[in-house]
Every structure is written in C-alpha cells, then in structure tokens.
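Residue strings, one per chain:
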Amino acid sequence: MDERDLIEYTIPDEKQSEPVYTEFYDWMTFIFSCVLCFLILFTVLARVITVDGESMLPTLQDRNMLLVSDVGYTPQYEDIVIVYAPSLYNKLSNDYGKTIVKRVIGLPGDKIRIDFGKGIVYRNGEALEEPYTNTLTNIQQNFPNNKEVTVPENRLFVLGDNRNDSKDSRSYDIGMVDVRCVIGKSLIRVWPFDKLGTV
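What this report covers is the structure whose coordinates are included nearby. None of these values were measured; they are calculated from a predicted model.

1. Overview of the packing of aromatic side chains
One pass over the full model with this rule turns up 3 aromatic pairs. Aromatic side chains Y89 and Y96 sit 5.5 Å apart centroid to centroid with 70° between the ring planes, which places their arrangement in the edge-to-face category. Judged by its relative accessible area of 36%, Y89 is partly exposed. The class of Y96 is exposed, set by a relative accessible area of 54%. A cation over a ring is seen here: R103 above Y132, with NZ or CZ 3.8 Å from the ring centre. Over the face of the ring belonging to Y122 we find R113, whose NZ or CZ atom lies 4.0 Å from the ring centre.

Structural data, given as structure tokens:
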C-alpha cells in the first residue's frame, strides 16, 4: 500500500467524527432557540387564560384555554376580551377581584340601550345582529330597561354571549370596564385541541 492509498483510508475516518459534533451542536441550538421563543411568547407577547364558567356559551365552554395578547391592542366591536373585574367576588380566593372573559359591545361614547322585553341590544340607535349569543338579552340585572346609557371615556361595555347566565356590564359588580383592566384580546383557542383555532 503506497502513501496515496493510506491517505484515502484515513481521511474518511477523520471526517466522520466532525458531522456528529456539528449535528449535535445544531440540535442544541435549535432546542435552545425554541425554548427562548416560547419564553418570550408566553411571558412578554402573550399568555394563556382558562375560561371559568359558562357565561360565553356557545362560543366558549368552561375550561377552554385561550391564547391572549394585549400587544398593540385597541378594543373593537365584538372582540372577545379578558378583563380584570376588581369588584367581582372570587370564590377561589375568597376575596374580590376576578379575571373574566366577555365580548366588547360598546366603546367610549357609544349609547347603549337594551329592551329586555324583546331581548334586543341597541348601539347608537341600531339593533345589533348577534348570531353568537346563546339567548336573547332578557335578564336586566342592574341595567336600566329601554333607556340609553352612554359609555364613558376610557370604558367599555361588555356582555357575555350566554346573556341570561352572565355577569357583565349590566351588573354593578362589573359595570363599564376600565380599559386599563383589559388584559388582552383572545387570539386563538388552544384547548381542547379538537377546537383549536380563532374564536
């Protein structure tokens, strides 16, 4: 065997060890990047919120999990938002203050009127078409019947989709929601997996 043959046999052995380390390094870099992106996503840009109760039926069910973000968010009509209600009693903590999921119906300056006899919500004089609701809006709670109420500056009027089984802006416990109490908008439902998608 001459020197040229020796080189041909030894070079492949040297080269075989290099890809193993390179591939390991690439995988570790990929995993680290994924973990870093996950942490940034769920601590800075978004968070996961669990629906508590049936006030958003049929749109959302109890224990559904939502990916929520407030980055660059400005409330719009029919958005599903997560808000903190400081005056609402929380059975779990045995104290006041609870996170709730509702739908934006009125923005600052809007005039809201509800005819509880007919179960119809009016915004600025126009009856709303609400295909997302579970029932007509017949439960008055603390809201005046058939009288216009103006949404104050920096406040939102929110309702649950399950109108007759929802505490929302009709109740003194929640009222018109301060925009500073808006945790974010629901982006997608992440659980259960068979209902994964936007809501």
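Now that the structure has been shown, the text picks up again.
2. Details of the sheet that holds strand 9 (residues 155-159)
With antiparallel pairing, 7 strands are arranged side by side in an open sheet as 1-2-11-3-4-9-10. The two strands at the open ends of the sheet, each matched to only one other strand, are strand 1 (47-50) and strand 10 (177-178). Sheet analysis places strand 3 (residues 80-90) next to strand 11 (residues 182-191), joined by 3 bridges and oriented antiparallel. Each residue of the ladder has a partner; that of V81, found in strand 11, is K185.

3. Remarks on the sheet that holds strand 8 (residues 149-150)
Within the open sheet, the 4 strands sit side by side as 7-6-5-8. Their pairing is antiparallel. Two strands bound the open sheet, and with one partner strand each, they are strand 7 (126-127) and strand 8. Where strand 5 (residues 111-115) and strand 6 (residues 120-123) come together, 4 bridges link them in antiparallel fashion. Note on strand 6: the bridge partner recorded for D115 is I120.

4. Some points on the pattern of salt bridges
One side chain can pair with another of opposite charge once the charged atoms of both are near each other. Enumeration according to the criterion identifies 8 salt bridges in this entry. Where E130 meets R163, a salt bridge forms, and the shortest distance between an N and an O atom there is 2.7 Å. Residue E130 is found in the loop between strand 7 and strand 8, and its partner R163 is found in the loop between strand 9 and strand 10; the two are separated by 33 residues along the sequence. Residues D168 and R170 are paired through a salt bridge, measuring 2.8 Å at the closest nitrogen-oxygen approach. Each member of the pair, D168 as well as R170, is classed as buried. Within this structure, R155, D178 and R180 form a network of salt bridges that share partners.

5. Examining the environment of L107
Within the fold, L107 resides in the loop between strand 4 (95-106) and strand 5. Judged by relative accessible area, L107 falls into the buried class, the value being 17%. For the pair L107 and M176, spaced 69 residues apart in sequence, the C-alpha to C-alpha distance is 9.8 Å. Beyond its immediate chain neighbours, meaning those up to four positions away, L107 contacts P75, Q76, Y77, V151, R155 and L156.

6. Considering unusual backbone geometry
Cis rather than trans, the peptide bond between L57 and P58 has omega equal to 5°. In this structure, P58 sits in the loop between strand 1 and strand 2 (65-69). A cis amide bond, omega 0°, links W191 with the succeeding residue P192. Considering the arrangement of structural elements, one finds P192 in the segment after strand 11. Although it is not a glycine, E78 sits at a positive phi angle of roughly 75°.

Conventions and cut-offs
- Residues numbered from 1 in each chain as written.
- Predicted model: local features only at pLDDT ≥ 70, side-chain atom pairs only at ≥ 80, totals over all residues.
- Heavy atoms only, no water.
- Phe/Tyr/Trp six-rings, centres within 6.5 Å; stacked < 30°, edge-to-face > 60°.
- Buried < 20%, exposed > 50% of the residue type's maximum accessible area, 1.4 Å probe, protein only.
- Lys NZ or Arg CZ within 6 Å of the ring centre and 35° of its normal.
- Pairing = 2+ DSSP bridges.
- Helix = DSSP H or I, 4+ residues; strand = E, 2+ residues; numbered from the N terminus.
- Salt bridge = Lys/Arg side-chain N within 4 Å of Asp/Glu carboxyl O.
- Contact = heavy atoms within 4.5 Å.

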